Amino acid sequence: MEEQSQEAQWYVVHTYSGYENKVAQDLQTMVENRHMQDMIPDIKVPTEMVPEIKDGQEKMVERKLFPGYVLVKMIMTDDTWYIVRNTRGCTGFVGPASKPVPLSAEEVENLGVETQAPLSVDFKVGDSVQITSGPMEGFMGTVEEIDLAAFKVRLKVNMFGRETPAELEIGQVSLL
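The rules behind these values
- Residues numbered from 1 in each chain as written.
- Predicted model: local features only at pLDDT ≥ 70, side-chain atom pairs only at ≥ 80, totals over all residues.
- Heavy atoms only, no water.
- Helix = DSSP H or I, 4+ residues; strand = E, 2+ residues; numbered from the N terminus.
- Expected span 1.5 Å × (residues − 1).
- Contact = heavy atoms within 4.5 Å.
- Pairing = 2+ DSSP bridges.

Draft legend 1. Quick peek at helix 1 (residues 20-33). For helix 1, with 14 residues, the first-to-last C-alpha span of 20 Å sits near the 20 Å given by 1.5 Å per residue. Against the buried residues of helix 1 lie strand 1 (9-15), strand 2 (42-44), strand 4 (57-64), strand 5 (69-74), helix 2 (78-85) and strand 6 (90-93). Two residues or fewer after helix 1 comes His35, characterised by a positive phi angle close to 55 degrees.

Draft legend 2. Fine view of the pairing of strand 8 (residues 140-147). In terms of strand pairing, strand 7 (residues 128-131) meets strand 8 through three bridges, oriented antiparallel. Residue pairing for strand 8: Ser128 is matched across the bridge by Thr142. Here six bridges tie strand 8 to strand 9 (residues 152-159), and the two strands are oriented antiparallel to one another. Following the sheet pairing, Gly141 is matched in strand 9 by Val157.

Keep in mind these numbers describe shape, not what the thing actually does.
Put into C-alpha cells, the structure is as follows:
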C-alpha cells in the first residue's frame with residue numbers, strides 16, 4: 001500500500017454487528033498507546049436520539065445510524081491500515097476488494113459526521129429554542145448547556161407534559 005495523501009480522510013470500517021462501540025473504543029486505545037493521534041485523529045459511531053415507548057412510557061434512546069459500521073478519520077498508510085484492520089471485531093474497510101475508499105466531502109457533509117464550527121450561536125443558556133430537524137423536529141426546548149467544541153446543545157424539552165433531557169447538534173435548533 002503506497003502513501004496516498006497527507007490529509008486525513010474519513011473511511012468506513014465494517015465491524016461485527018453490535019461491536020461498533022467496542023471497535024471504536026479499542027481502536028482509540030490503540031491510537032493513544034502508539035501516539036498516532038496525528039495519523040488517526042477521529043473515530044465515530046454515528047448515532048441519533050429517537051423516542052421509544054416501553055411499558056407505556058416514552059423515553060429517548062440512542063440508536064446507531066449505521067449498525068455494523070464505524071467511521072474513521074485517518075491518513076492512509078501501511079501502519080494505519082494495519083492498526084485498523086487488526087482491531088478485534090473489525091472485518092475490513094468498505095471499498096472494492098477491501099481497498100479502502102475515502103468518503104467524498106459531499107458524503108461526509110450529508111452524513112453529518114463533521115460539522116464546521118459556528119463562530120457564535122444566537123442563543124444562550126436559559127433561552128427557549130425550537131428544534132428544526134431530526135426526530136424531535138417541531139418541539140420546543142430550554143437551553144441547559146452549550147458545548148461549542150462538540151457542536152452540541154443540551155436542552156430540556158417539554159414532551160407530553162414532562163421535561164425530557166435531549167442533546168442535539170447546534171445546527172438542529174434555532175432561537176424562537
